[in-house]
Amino acid sequence: MNDTVDKLVIFLAKRDGIDKLVKTFQYVSKLVNWHVEKTYPEFATRAKQWEVASGLSRKAFRSGRFLTGFNALRRSPGTSPGFRLLAVLANSGEMVYFFFDHFLWLSRIGVMDSKYAKKMSFISAFGESVGYVFFIISDFILITRGLKAERKLLTEEEESKETEGEIKKIRMDRIMRLMAVAANIADLIIALAEIEPNPFCNHTVTLGISGLVSAWAGWYRNWPS
């Protein structure tokens, strides 16, 4: 059995693991900057620099990430026509998000003209939002199916180790999908703040908490068992 250090090393060896760690830095520093902005302006400036650097680093780590959605559609588009449609919509939105995120990153580091940053950010966030909506719908459908399957297994007169194993598998899958839903809803709020700025989504506390919920749900899902 791997100990905590072994698991941490495995976790950080994954691109998603590094992304969730740096995302935690990004949104903790955002909240710190907001909290001390008036009382400790010098410290707040450093926190802001950490937030910006973390955000840019995450974009660099995600280079080529749009191919993940393409490969998912190529390899396992879904088990039924309905799920295939949901998979196409969800993964297409995610592909748009990650693809245009490359240009947003290049605009922000000065390789491309900075005037393109706003447009790239909007397109990226719009694709991200579309993808999250359909990923959430897919997960809720599968959670509902899992609950029905679990109830059916629990009503069987004879219990066996195989039945217990199936129930355990269904429950673990449900936890993972609920973590995915939590992360996607949190990220959807962040994306909406870019698409349609409003007092709730754009408030620093809302963005900070949403970012941390998404990051920590990702920690849970990617942490080695």
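Reference entry: report on the structure contained in this document. The structure displayed is predicted, hence computed values, not measured ones.

### Digging into the nonpolar core
Working step 1: In terms of nonpolar packing, the biggest core is built from six residues, these being Y27, I190, A193, C201, L207 and L212.
Working step 2: Among the elements of the structure, α7 (161-195) and α8 (204-222) are those that each provide at least two residues to this core.
Working step 3: Not counting chain neighbours up to four residues away, the residues in contact with L207 comprise Y27, K30, I190, A193, C201 and N202.

### Side note on the packing of aromatic side chains
Working step 1: Under the definition given, this model contains ten aromatic pairs.
Working step 2: Relative to W219, the ring of F11 has its centre 4.5 Å away and its plane inclined at 25°; by these criteria the two rings are stacked. Taken as a pair, F11 in helix α1 (residues 4-13) and W219 in helix α8 lie far apart in primary sequence, 208 residues in all.
Working step 3: For F11, a relative accessible area of 0% translates into the label buried.
Working step 4: Overall, the relative accessible area of 22% leaves W219 in the partly exposed class.
Working step 5: Joined through ring pairs, the aromatic side chains of F66, F99, F100 and F103 make up one cluster.

### A closer look at helix α3 (residues 41-61)
Working step 1: Here α3 spans 30 Å end to end across 21 residues, near enough to the 30 Å set by a 1.5 Å rise per residue.
Working step 2: For α3, the set of buried residues is A44, A47, E51, S54, G55, R58 and K59. End-on view of α3: buried residues confined to an arc of 135°, all on one side of the axis. The outward face of α3, more than 90 degrees from its buried face, is lined by the exposed residues E42, R46 and Q49.

### Here we look at the environment of G55
Working step 1: Along the chain, G55 falls in helix α3.
Working step 2: The exposure class of G55 is buried, given its relative accessible area of 14%.
Working step 3: Measuring from C-alpha to C-alpha, the distance between G55 and A72 comes to 26 Å, with 17 residues separating the pair along the chain.

### So, the side chain of S29
Working step 1: If you trace the backbone, S29 turns up in helix α2 (residues 15-36).
Working step 2: The contact partners of S29, leaving out residues within four places of it in the chain, are A47, W50 and E51.

### Section: the packing of α1 against α2
Working step 1: In the contact formed by α1 and α2, the axes pass within 4 Å of each other and the chain directions differ by 95°. Judged by the angle between their axes, α1 and α2 are roughly perpendicular. Counting all contacts with α1, which are made through F11, L12 and A13, the residues of α2 involved are R15, G17, I18, K20 and L21.
Working step 2: Residue classes in the contact of α1 with α2 are distributed as five nonpolar, one polar and two charged.

Parameters at a glance
- Residues numbered from 1 in each chain as written.
- Predicted model: local features only at pLDDT ≥ 70, side-chain atom pairs only at ≥ 80, totals over all residues.
- Heavy atoms only, no water.
- Core = buried A, V, L, I, M, F, W, Y, C linked by side-chain atoms within 4.5 Å.
- Buried < 20%, exposed > 50% of the residue type's maximum accessible area, 1.4 Å probe, protein only.
- Helix = DSSP H or I, 4+ residues; strand = E, 2+ residues; numbered from the N terminus.
- Contact = heavy atoms within 4.5 Å.
- Phe/Tyr/Trp six-rings, centres within 6.5 Å; stacked < 30°, edge-to-face > 60°.
- Expected span 1.5 Å × (residues − 1).
- Arc of directions from axis to C-beta.
- Axes fitted to C-alpha atoms, helices over the stretch in contact; angles between N-to-C directions.
- Parallel < 35°, antiparallel > 145°, perpendicular 65-115°, else oblique.
- Nonpolar A, V, L, I, M, F, W, Y, C, P; charged D, E, K, R; others polar.

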